[in-house]
Amino acid sequence: MCLKNIALILLIIIHNLVMAQSHDQIEQRLNQSFQSIYATPDSAVSKINDTIALSKSKNYKSGVNKGCLIKGIYFYEYNDFDSALFYYTKVLTNSIKSNDSLYIAKSYTNLGILYKSTSQFDSSIHFQLKALNIKKLLNGEPDEIAKCQHNLANVFLLTNDVDNFNSYINKAEQNYSLAENNIGLYHVNISKGVYFNNN
């Protein structure tokens, strides 16, 4: 092997290491931005925008998607549903273009939650079912599947669809148990308590 080839291989390895480190730093900044939504909401949007810009400069599409999703969550949490819808749709569009199934599913989940909050229950069910189907295909992690099932159960609770509520809440409980997610199980019990108080 000639020295040129060895130098080229070393250059590629160094480039990949630098990019991986850069992506890790972006992920860390995104996680901090997400936490700042609740701790320091006034500076959250600025932090998120900076991290999205950094992700774009590094051509890190997953970072851009995660940043836009966090920005959508920020607006959702502060009841700016139109802005939340804009960012969730932006993530969905970008994810479909790049064939990023994980962020397609996350977009569907957040759109489903948004539509539930605005009493558009048919749309909520539609997007939650789409998210559930993708998450089952992606990795079948019980915790992620349980979250979708629980979201669906809560929509069916609001629409007084008892059969579907019971079906999805029981599935969510089983999957949260498999995942050993006690917080999820706690929230299932809250949903069941609301059901029993209303019936």
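The structure we're discussing is the one just above.
Please read these numbers as outputs of a predicted model, since none were measured by experiment. (Residues numbered from 1 in each chain as written. Predicted model: local features only at pLDDT ≥ 70, side-chain atom pairs only at ≥ 80, totals over all residues. Heavy atoms only, no water.)

Attention now moves to helix H9 (residues 182–198). With 17 residues, H9 ought to run about 24 Å at 1.5 Å a step, and its terminal C-alpha atoms sit 24 Å apart, in line with that. On the buried face of H9, the contacting elements are helix H7 (142–158) and helix H8 (162–179). The N-capping residue of H9, defined by a side-chain oxygen 3.1 Å from the backbone nitrogen of Ile183, is Asn181. (Helix = DSSP H or I, 4+ residues; strand = E, 2+ residues; numbered from the N terminus. Expected span 1.5 Å × (residues − 1). Contact = heavy atoms within 4.5 Å. Polar contact = N/O pair within 3.5 Å; in protein donor to acceptor, adjacent residues only side chain to side chain.)

Another point: the packing of aromatic side chains. All chains considered together, the criterion is met by 10 aromatic pairs. An angle of 35 degrees between the planes, with centres 5.7 Å apart, marks the rings of Tyr108 and Phe127 as tilted. With Tyr108 in helix H5 (residues 101–117) and Phe127 in helix H6 (residues 121–138), this residue pair connects regions lying 19 residues apart in the sequence. Relative to Phe196, the ring of Tyr195 lies with its centre 5.1 Å away and its plane at 65 degrees, an arrangement referred to as edge-to-face. A relative accessible area of 55% places Phe196 in the exposed class. Put simply, the rings of Tyr74, Phe75, Tyr78, Phe86 and Tyr87 touch in pairs and so form one group of aromatic residues. Directly above the aromatic system of Tyr103 lies the positively charged group of Lys106, at a separation of 5.3 Å from the ring centroid. Note that Lys171 overlies the ring of Tyr168, its terminal NZ or CZ placed 4.9 Å from the centroid. (Phe/Tyr/Trp six-rings, centres within 6.5 Å; stacked < 30°, edge-to-face > 60°. Buried < 20%, exposed > 50% of the residue type's maximum accessible area, 1.4 Å probe, protein only. Lys NZ or Arg CZ within 6 Å of the ring centre and 35° of its normal.)

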